[in-house]
Amino acid sequence: MKEIGPSNLVVEEMDLWVVSHGGVASNAICDFLESKQIRTRPDNYGLICHKKHPGTAVNLPILVIFGDFESAIRSMDRRGFLTANATKMRYGMDLPEVTMSRLIETNPQDPLGIADFLESFRYASKTELDKVAFLRYPYTNDQAQQCLSELGFDIELEGFALRGRKRKFGLVSKEVKLLLEIYEDYDFE
């Protein structure tokens, strides 16, 4: 049976918490870091990879990957993860009974929870609850290496490369069209 939540951080199983809103190759960098013995994937990784910062210190360095919102939304939709990732960002767990139309209805300015998610990590960084680095997708290896260095990891990213995006997304639902409009001008600085 698939575990849906709640999603507590298991700090003892991690060296670095890698989070994203989804659709920005966070799994690719986690795979690479794991191959270099940097623990990023506890048993409940699928539940915490899109979780907001809890607002209290987690005592782990945190890498937040974000950006390219239009392509990220299309990618998550194409792969069937959009609603699950949104409920993880919004509620901290996968809630299969919550529909996209319900998410849009209850929070029309930020239905996916991307802005709230990113602001939670900005708050953690500004208040020095935790050491947080923000990495905007798409990024270069030098940019990723600089963020990791800021977090205390001296690692070469030689051999790591982002794959090109699949540009053939196909038809999208009316909800996804609305989401693309909502996040069209959203930017996080």
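Residues numbered from 1 in each chain as written. Predicted model: local features only at pLDDT ≥ 70, side-chain atom pairs only at ≥ 80, totals over all residues. Heavy atoms only, no water.

Peer 1: Any chance you could explain helix 7 (residues 141-150) here in plain terms?
Peer 2: The periodicity of an α-helix, 3.6 residues per turn, causes residues three or four places apart in sequence to face the same way. Considered for burial, the residues of helix 7 that qualify are Ala144, Cys147 and Leu148. Down the axis, helix 7 shows its buried residues gathered within 100° of arc, on one side only. At its buried positions, helix 7 is contacted by helix 1 (26-35), strand 2 (62-66) and strand 3 (132-136). (Buried < 20%, exposed > 50% of the residue type's maximum accessible area, 1.4 Å probe, protein only. Helix = DSSP H or I, 4+ residues; strand = E, 2+ residues; numbered from the N terminus. Arc of directions from axis to C-beta. Contact = heavy atoms within 4.5 Å.)

Peer 1: Mind showing me how you'd approach the packing of aromatic side chains here?
Peer 2: Aromatic ring pairs are defined here through the distance separating the ring centres and the angle between the ring planes. In total, this model carries nine aromatic pairs according to the counting rule given. Between Phe66 and Phe134 the ring centres are 6.4 Å apart and the planes differ by 80°, which places this aromatic pair in the edge-to-face class. Taken as a pair, Phe66 in strand 2 and Phe134 in strand 3 lie far apart in primary sequence, 68 residues in all. Judged by centre distance (5.2 Å) and plane angle (85°), the ring pair of Phe66 and Phe188 falls under edge-to-face. Linking Phe66 in strand 2 with Phe188 in the segment after helix 8 (174-183), this pair joins segments that are 122 residues apart in sequence. Residue Phe188 is classed as buried on the basis of its relative accessible area of 3%. (Phe/Tyr/Trp six-rings, centres within 6.5 Å; stacked < 30°, edge-to-face > 60°.)

Peer 1: I tried to follow the sheet that holds strand 1 (residues 17-20) on my own but got confused; where do I start?
Peer 2: Two orientations exist for strands paired in a sheet by backbone hydrogen bonds: parallel and antiparallel. Across the sheet, which stays open at both edges, the three strands sit in the order 1-2-3 with parallel pairing between neighbours. With one partner strand each, in any of the chains shown, strand 1 and strand 3 form the two edges of the open sheet. Across the sheet, the axes of successive neighbouring strands diverge by a mean angle of 20°, strand direction being ignored. Looking at chain direction, strand 2 and strand 3 are connected through five bridges and run parallel. Within the sheet, the bridge partner assigned to Ile62 lies in strand 3 and is Val132. Relative to strand 1, helix 1 is tilted by about 165°, and along the sheet it contacts strand 1 and strand 2. (Pairing = 2+ DSSP bridges. Axes fitted to C-alpha atoms, helices over the stretch in contact; angles between N-to-C directions.)

Bear in mind that shape data such as this cannot, by itself, settle questions of function.
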